[in-house]
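Examination of the molecular architecture
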Amino acid sequence: MGINIDHVATIRNARGGSHPDPIEIAKLAYECKVDNITAHLREDRRHIRDDDIKRLLNEVKIPLNFEMAATDEMVNFAIENLPFACCIVPEKRQEITTEGGLNLKINENMIRKQVLRLKKVGILCSLFLDPDIDQIEKAKQIGADAIEIHTGKFCNMQNDEDALHELNNIKKAAKYAKSIGLEVHAGHGLTFNNVIEIAKIIEINELNIGHFIIGESIFIGIKETIKKMQNIIDQARALHTG
Ligand code: PXP
């Protein structure tokens, strides 16, 4: 499990000071043995800032999953700072959060170019995609190492039938991606409840969770929240039926 710490920075930035420090939260996550820290450096720097990424790399001993748009600015920054992994996401200035996966049919050449630049310096390269077989096929052709399946649509579905349909799409997408040699991650909108069905999908080997964990930690603390999420994920994976 990876923890996305963007929203610790959102709270810090609300008052313009240095508290709460996202790097201190990353250190607590490290003590809970999370597998990675995810942080999204947006073009508008609305939460995480350049210096946060540098400090995460220097001060925290967990692999950094650097979430970013496929712009020259971000790719240059990644090449200079060498996070363990980059997850390329679509980014719109007006959006509240990432709204969906990349469209590789439209942006194929540009994303291929950036993936190659990142891979050349040894950064593991993941593409954030909707559970769409054609997009996954293209991710493989482009040379990505991994995909992260967007679970936001599943998490937001209000009725069971639609949620089941989307869950099946995610299952098929994960199976297909694994079968063609891609590492499979997933994330967006996950909570204690909806993570269970996603964690049961055995092809998925990384879940990146942010907003809910930071929000829930207001009630029960960050370490308790992380441990509870880890337990729920572990129990769900033990129930996996194939
Ligand atoms: N994965 C990706 C690619 C994301 O863009 C985000 C949101 O920044 C997350 C995971 C985490 O989503 P959430 O904050 O809803 O848990």
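What counts, and where the lines are drawn
- Along each chain, the written sequence defines residue order, and numbers are assigned to residues from 1.
- The predicted nature of this model means local features are confined to residues of pLDDT at least 70 and side-chain atom pairs, given and counted, to a pLDDT of 80 or more, with totals for whole chains, interfaces and linings taken over all residues.
- Processing note: side-chain calculations cover all non-hydrogen atoms of the structure and skip hydrogens and water entirely.
- In this description, a nonpolar core means a group of buried Ala, Val, Leu, Ile, Met, Phe, Trp, Tyr and Cys residues linked to one another through side-chain atoms lying within 4.5 Å.
- Relative accessibility decides the category of a residue: with a 1.4 Å probe and only protein chains considered, values under 20% of the type maximum give buried, values over 50% give exposed, and everything between is partly exposed.
- When checking whether two residues touch, look at their non-hydrogen atoms; a contact exists if any pair is within 4.5 Å.
- Only Phe, Tyr and Trp rings take part, Trp by its six-membered ring, and two of them pair if their centres are within 6.5 Å. Stacked means planes under 30 degrees apart, edge-to-face means over 60, and tilted covers everything else.
- Only DSSP runs of H or I reaching four residues or more are called helices, and only runs of E reaching two or more are called strands; each is numbered from the N terminus.
- The axes used here are C-alpha line fits, helices contributing only the stretch in contact, and every angle between their N-to-C directions lies in the interval 0 to 180 degrees.
- Each angle gets one of four labels, with under 35 degrees taken as roughly parallel, over 145 as roughly antiparallel, 65 to 115 as roughly perpendicular, and the rest as oblique.
- Two helices crossing with the near one rotated counterclockwise from the far one by less than a right angle form a left-handed crossing, whereas a clockwise rotation gives a right-handed crossing.
- Residues were grouped as follows: Ala, Val, Leu, Ile, Met, Phe, Trp, Tyr, Cys and Pro as nonpolar; Asp, Glu, Lys and Arg as charged; and all remaining residues, including Gly, as polar.
- Between Lys or Arg on one side and Asp or Glu on the other, a salt bridge is scored when a side-chain nitrogen of the former is within 4 Å of a carboxyl oxygen of the latter.

A word on the nonpolar core. By size, the foremost hydrophobic cluster in this structure holds 72 residues, and its most contacted members are I5, I37, F66, L127, I198 and L207. Those residues in contact with I37, other than ones at most four positions away along the chain, are I3, I5, A26, A29, L56, I62, P63, L64 and N65.

Let's shift gears to the packing of aromatic side chains. Under the criterion given, the structure shown has two aromatic pairs. Between F66 and F77 the ring centres are 5.7 Å apart and the planes differ by 40°, which places this aromatic pair in the tilted class. Taken as a pair, F66 in strand β3 (residues 64–68) and F77 in helix α4 (residues 72–81) lie far apart in primary sequence, 11 residues in all. For the residue pair F66 and F77, the accessibility class agrees, reading buried in each case. Each ring, one from F192 and one from F212, has its centre 4.8 Å from the other, and the planes form 80°; the classification is edge-to-face. Taken together, the positions of F192 in the loop between β7 (183–187) and α9 (195–199) and F212 in helix α10 (residues 211–220) put the pair 20 residues apart, joining distant regions of the chain.

In contact at an axis separation of 10 Å, helix α5 (residues 104–120) and helix α6 (residues 133–142) are set at 25° when each is read in the N-to-C sense. With respect to α6, the axis of α5 lies roughly parallel. The chirality of how α5 crosses α6 is right-handed. Here L104, K105, E108, I111, R112 and V115 of α5 come into contact with α6, specifically with D134, Q135, K138, A139, Q141 and I142. A class-by-class count of the residues in the contact of α5 with α6 yields five nonpolar, two polar and five charged.

What follows covers the side chain of R42. Position of R42 relative to the elements: it lies in the loop between β2 (36–40) and α3 (50–59). Relative accessible area serves as the criterion here: at 2%, R42 is assigned to the buried category.

Using the criterion set out here, one finds 18 salt bridges in the structure. Across the salt bridge formed by K27 and E59, the nearest N and O atoms sit 3.4 Å from each other. In this pair, K27 is assigned in helix α2 (residues 22–31) and E59 in helix α3, connecting sequence segments 32 residues apart. On the basis of relative accessibility, which here comes to 26%, the residue K27 falls in the partly exposed class. R45 is paired through a salt bridge with D50; the nearest N and O atoms lie 2.6 Å apart. Overall, the relative accessible area of 26% leaves D50 in the partly exposed class. Members of the salt-bridge network, linked through shared partners, are D21, E24, K27, R55 and E59.

Structural measurements only, silent on function.
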